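Next come the chains, spelled out residue by residue.
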Amino acid sequence: MNQNNQKDTANNKNGIYDVGIDKGASRLTPEKIRKVFDALVETEGGARLRAYTNACVHCGLCSDACHHFLSKDNDPRLSPAGKVKQTISRILNKKAKLDVDFVKQACETVFTECNLCRRCVIYCPFGIDVAYLMLFVRRGCHQLGVVPQYIQDTAHSHASTFNQMWVRDDEWIDTLQWQEEEARDEIPDLRIPIDKKGADIFYSLIGPEPKFRAQLIYQMAVIFHMAGADWTLPSAPGWDNSDMCMFTGDMEMTARLKKIHFEAAMDLKAKRIVMGECGHAFRSVYDVGNRTLGWKMPPLPMVHAIEFYAEIFREKRIEILEKFDRPVTLHDPCNIVRGRGLGDEARYVINETCSTFIELEPNREHNFCCGAGGGVINCGPPFKNKRVESNRVKADQLAAARDKGAEVLIAPCHNCHGGLEDVIHHYELGLELKFLGDIIYECMKKE
Amino acid sequence: MHELYKLASGIFVWIAILGFAAGMIGRLAHLALTARKKDPVVYQYFSLYYALRSMLHWIIPFASTGMRAHPVITIAAFVFHICLIVTPLFAAAHVILVMESWNVAWWHLPDPAADVMTVLVILGCLFFLIRRIAQEHVRYLSTAGDFVLIALVAAPFVTGFWTYHQWYGYETAGILHMLSGELMLLCLPFTRLFHMALWPFTRGYAGSEFGSLRHARDW
């Protein structure tokens, strides 16, 4: 098995062809690959890179923290340290030859076999941040021009439009006005205020909302309206808080994206940012964006939708007519639970809105990843089957909650929705998937 | 033989101690400076409170979820590391040698205790060796260096045990004990054994990021 795996590594493409990886890598030579990675290590590889790679004693205690490892029958190549061994360890070994096959294999590993969920960090006795190491390799892949095509396309969209989904400026405003019109059928005096100066709340969301899920904007507008919130959205770019560039290693673009997002809020003199139910976007603004721009913390207060919901329930600004009566369970998204400790807040909101709550096991910081995060789902259809098969452990976890009676799975994150939808469908789990906002909207008093 | 003994009990001791100290300080200082230059976030987010909070959860047996999930290796690792550090520092023979040389002394272990602890270290080495070979995912991660390290750590304890019990050839074993002990000390800062010095920093930084920035637990 071990030998077979090592053989696999040499041409590890799992039969998947991706233009971004295969064509991108075919333009390279071993000399160029070595040169780019060496320069990256020299310029950006600092103490963390050295400490993490030197501290690892190859104990393997991270292995069963990883859903890829567990789901693929404990394939040793898929343990967090196994992925480090195949990628960054070889890059740091100056004697190792980095050929085209290496780049293809490393690119597939770091982009599609790690969700950067950081579960392994809390199982590693040394606290080695494998997500940091995988991102480091992604940065090198980006510099080499070897990035899976689909996620590179979203990065291109970010670069051209400042949003993830090629939404044009007029389409954005059009969508907001369309949703306002729709919502006014239900609540005649509802507004979706655009470019309002000095509002309490600058609401930002992700590109896919206006593109595919415009009803979420409608729902949030209703929640804001009924909670009596003073809120606004910008008409110009900066409304999209998402960021695939931080996942492709394009940190220059990440800096531009986060800057325009913060500036849009500050230009409108908003008092704070409230973000929609998205995890990766939260990570990009709260953890990555501020660092990339050289701030320790974001330049103005910002909260995830869960925190906002919890706030309006605590302040009794919203009324639930009748609690959601089907049994629900909760998937703790990595970027807001391991990334912001919002597990208790999410449970508080569920408690306020739902009659029966069943915990997933494990949960909170120890929850298993949805399999979509870290840009993995954004690598698109070529990797879909692999992604779903690499998350059998999630299916088992969900099935256990369903067997205890759960009918609805709440996932307050867009990426998680994408991943969990595929898991539920592939493993025929029969769970219904919802955002917290869906439940609040459904059960709240709207008059 | 006598010449070798003189070397092992003389100049080599100094080389080992100075090499160890210089290596430890040098490498840690280098990392601290590199972090200042290239990873300033480390200093920004480092928080003593959260670093200690995380370290406590990882230094108390079974205080972390990972440790509870792997009870066998948790017990083996704690027993092994405690014996590995305590035995050489507090073995009666070592304390006496230091007292005779430099006239400083400290508390020492009763001989039978040191004996048992030595055996535990050797068993620990065997456990880690077998685990490395038997568990597929650990074998996949293992390099030749990992096996050499196990031998490097086991050697002073095997030879020390041999010498203490005065078995056949114990005089040679005694010299080997000194040489292997010195070699291990010297290798500490320059091999993966350096994880000993890195642990407070990697764990502490993880604890800091998780605690102060992410408001989450990392154990």
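Residues numbered from 1 in each chain as written. Chains lettered and ligands numbered in written order. Predicted model: local features only at pLDDT ≥ 70, side-chain atom pairs only at ≥ 80, totals over all residues. Heavy atoms only, no water.

Enquirer: In this structure, what is going on with the overall build of chain B? I would like to understand it.
Expert: Helices and strands together make up the secondary structure of chain B, namely twelve helices and zero strands. Written out in order from the N terminus, the α and β elements of chain B read α-α-α-α-α-α-α-α-α-α-α-α. Restricting the contact set of chain B to residue pairs at least 6 apart, pairs at least 24 apart contribute 63%. Approximately 11700 Å² of chain B is accessible, and the part contributed by carbon and sulfur atoms is 76%. Averaged over its 14 positive side-chain charges, chain B has a centre that lies 17 Å from the centre of its 11 negative ones. (Helix = DSSP H or I, 4+ residues; strand = E, 2+ residues; numbered from the N terminus. Contact = heavy atoms within 4.5 Å. Areas by Shrake-Rupley, 256 points an atom, 1.4 Å probe, with all protein chains shown as cover. Lys, Arg positive; Asp, Glu negative; His and termini not counted. Charge placed at Lys NZ, Arg CZ, Asp CG, Glu CD.)

Enquirer: How should helix H4 (residues 47-55) of chain A be read in this particular structure?
Expert: Within H4 of chain A, seven of the nine residues are buried, which leaves the element mostly enclosed by the surrounding structure. Those residues of H4 of chain A that fall on the buried side of the exposure criterion are Ala47, Arg48, Leu49, Ala51, Tyr52, Thr53 and Ala55 of chain A. (Buried < 20%, exposed > 50% of the residue type's maximum accessible area, 1.4 Å probe, protein only.)

Enquirer: In this structure, what is going on with the packing of aromatic side chains? I would like to understand it.
Expert: The description of an aromatic ring pair rests on the distance of the ring centres and on the angle between the ring planes. For the structure on display, the rule yields 17 aromatic pairs over all chains. When the centroid spacing of 5.9 Å and the interplanar angle of 80 degrees are considered together, the rings of phenylalanine 262 of chain A and tryptophan 295 of chain A count as edge-to-face. Placement of phenylalanine 262 of chain A in helix H15 (residues 251-267) and of tryptophan 295 of chain A in the loop between helix H16 (279-292) and strand E4 (302-304) is noted, with a sequence separation of 33 residues between them. A ring pair is formed by phenylalanine 90 of chain B and tryptophan 107 of chain B, whose centres lie 5.7 Å apart and whose planes are at 55 degrees; its orientation type is tilted. Taken together, the residues span a long stretch of sequence, with phenylalanine 90 of chain B in helix H6 (residues 71-90) and tryptophan 107 of chain B in the loop between helix H7 (92-102) and helix H8 (111-134) at a distance of 17 residues. On the basis of relative accessible area, tryptophan 107 of chain B is assigned to the exposed category, the value being 55%. Through successive ring pairs, a cluster of aromatic residues spans Tyr203, Phe224, Trp231 and Phe308 of chain A. The residue whose ring lies beneath arginine 119 of chain A is phenylalanine 368 of chain A, and the NZ or CZ to ring-centre distance is 4.1 Å. Positioned above the aromatic ring of tyrosine 348 of chain A, the side-chain terminus of arginine 314 of chain A is 4.4 Å from the ring centre. (Phe/Tyr/Trp six-rings, centres within 6.5 Å; stacked < 30°, edge-to-face > 60°. Lys NZ or Arg CZ within 6 Å of the ring centre and 35° of its normal.)

Enquirer: Explain the interface of chain A and chain B to me, please; I cannot follow it from the model alone.
Expert: How big an interface is tends to be reported as the loss of accessible area on association of its parts. If you look at the interface, chain A gives 59 residues, while chain B gives 44 residues. Considering only the surface of chain A that becomes buried against chain B, His58, Phe126 and Arg291 of chain A emerge as the three largest contributors, covering 15% of it. At the boundary of chain A with chain B, the tally comes to four salt bridges. Between arginine 217 of chain B and glutamate 365 of chain A there is a salt bridge, with its nearest N and O atoms 2.8 Å apart. Remark: the boundary between chain A and chain B carries 29 residue pairs in polar contact (both at pLDDT 80 or more). Of all the elements in the fold, those that place two or more residues in the side of chain A that touches chain B are helix H1 (2-10), helix H3 (30-44), H4, helix H6 (80-86) and H16 of chain A. (Buried area = accessible area lost by both parts, 1.4 Å probe. Salt bridge = Lys/Arg side-chain N within 4 Å of Asp/Glu carboxyl O. Polar contact = N/O pair within 3.5 Å; in protein donor to acceptor, adjacent residues only side chain to side chain.)

Enquirer: Sorry, what's going on with the pairing of strand E1 (residues 201-204) of chain A here?
Expert: Two faces make up the sheet, and in a regular strand the side chains alternate between them. Residues and elements named next belong to chain A. The side-chain alternation of E1 yields two buried faces, one formed by Ile201 and Tyr203 and the other by Phe202 and Ser204. Note: E1 against strand E3 (residues 272-275), four bridges, orientation parallel. Counterpart to serine 204 in the pairing with E3 is methionine 275. (Pairing = 2+ DSSP bridges.)

Enquirer: Which parts of the structure should I look at to understand the environment of arginine 132 of chain B?
Expert: Counting through the fold element by element, arginine 132 of chain B comes out in helix H8. Along the primary structure arginine 132 of chain B and tyrosine 49 of chain B are separated by 83 residues, whereas in three dimensions their C-alpha atoms are 35 Å apart. Residues within four places of arginine 132 of chain B in sequence aside, it is in contact with Val57 and His58 of chain A together with Val138, Arg139, Ser142, Asp146, Phe147 and Ile150 of chain B. Of the polar contacts made by the side chain of arginine 132 of chain B, one reaches the side chain of serine 142 of chain B; its length is 2.8 Å.

Enquirer: What am I meant to see in the confidence of the model for chain B here?
Expert: Interpretation of this model should avoid reading the predicted coordinates in detail wherever pLDDT is low. Scored by pLDDT, chain B comes out at a mean of 95, with 100% of its residues at no less than 70. Mean pLDDT per element in chain B: helix H1 (residues 2-9) of chain B is the minimum at 86, and helix H9 (residues 136-141) of chain B is the maximum at 98. (pLDDT = per-residue confidence, 0-100.)

Enquirer: Help me understand the sheet that holds strand E5 (residues 328-330) of chain A in this model?
Expert: Within a beta sheet, neighbouring strands are joined by backbone hydrogen bonds and run either parallel or antiparallel to one another. Residues and elements named next belong to chain A. Across the sheet, which stays open at both edges, the four strands sit in the order E6-E5-E7-E8 with parallel pairing between neighbours. The sheet terminates laterally at strand E6 (357-358) and strand E8 (432-434), the two strands that pair on one side only. With respect to the sheet, helix H19 (residues 343-353) is in contact with E5, E6 and strand E7 (408-410), its orientation differing from that of E5 by roughly 170 degrees. (Axes fitted to C-alpha atoms, helices over the stretch in contact; angles between N-to-C directions.)

Enquirer: Please explain the domain arrangement of chain A as it appears in this structure.
Expert: All names here are of chain A. If you check the domain split of chain A, you get domain 1 (2-147), domain 2 (153-314) and domain 3 (328-443). For domain 1 versus domain 3, the separation of C-alpha centres amounts to 27 Å. When domain 1 packs against domain 3, close to 2000 Å² is buried across both sides, 58% of that on carbon and sulfur atoms. When the buried surface of domain 1 facing domain 3 is broken down by residue, Ser71, Asn115 and Arg119 rank first, second and third, together holding 27% of it. At the boundary of domain 1 and domain 3, one finds three salt bridges. The residue aspartate 73 makes a salt bridge to arginine 392 at a minimum N-O spacing of 3.3 Å. For the pair domain 1 and domain 3, the number of links is 15 residue pairs in polar contact (both at pLDDT 80 or more). When residues of the side of domain 1 that touches domain 3 are traced back to their parent elements, those giving at least two are helix H5 (67-71) and helix H8 (100-112). (Domains from an automatic or database assignment.)

Enquirer: Please explain the nonpolar core as it appears in this structure.
Expert: Residues and elements named next belong to chain A. Ile128, Tyr203, Ile223, Phe224, Phe308 and Tyr309 are the most contacted members of the largest nonpolar core, which totals 171 residues. Looking at which element gives the most residues to this core, the answer is helix H9 (residues 130-144), with nine residues. Sequence-distant contacts of tyrosine 309, that is, excluding residues within four places in its chain, are made with Met220, Ile223, Glu277, Val349, Leu436, Gly437 and Ile440. Ala372, Leu409, Ala411 and Cys416 belong to the second-largest nonpolar core, a separate cluster that totals 22 residues. (Core = buried A, V, L, I, M, F, W, Y, C linked by side-chain atoms within 4.5 Å.)

Enquirer: Teacher, can you tell me more about a negative patch on the surface here?
Expert: All names here are of chain A. Taken together, the side chains of Glu181, Glu182, Asp185 and Glu186 define an acidic patch exposed on the protein surface. Examined against the element boundaries, aspartate 185 turns out to sit in helix H11 (residues 169-186). Exposure remark for aspartate 185: the relative accessible area of 70% places this residue in the exposed category. (Patch = residues over 30% accessible without salt bridge, like charges linked within 9 Å, V, L, I, M, F, W, Y side chains within 5 Å.)

Enquirer: Any chance you could explain the side chain of threonine 254 of chain A here in plain terms?
Expert: For threonine 254 of chain A, the position within the fold is in helix H15. At 2.9 Å, the side chain of threonine 254 of chain A and the side chain of aspartate 243 of chain A are in polar contact.

Enquirer: Looking at this model, I keep getting lost on the pairing of E3 of chain A. Mind explaining?
Expert: Residues and elements named next belong to chain A. Here E3 shows a buried face lined by Arg272 and Val274 and a second buried face lined by Ile273 and Met275. Relative to E4, E3 runs parallel, the two sharing three bridges. Bridge pairing in E4 links methionine 275 to histidine 304. Chirality of the crossover, the property in question, places the unit of E3, H16 and E4 among those that are right-handed. (Right-handed = clockwise from strand over helix to strand, strands pointing away.)

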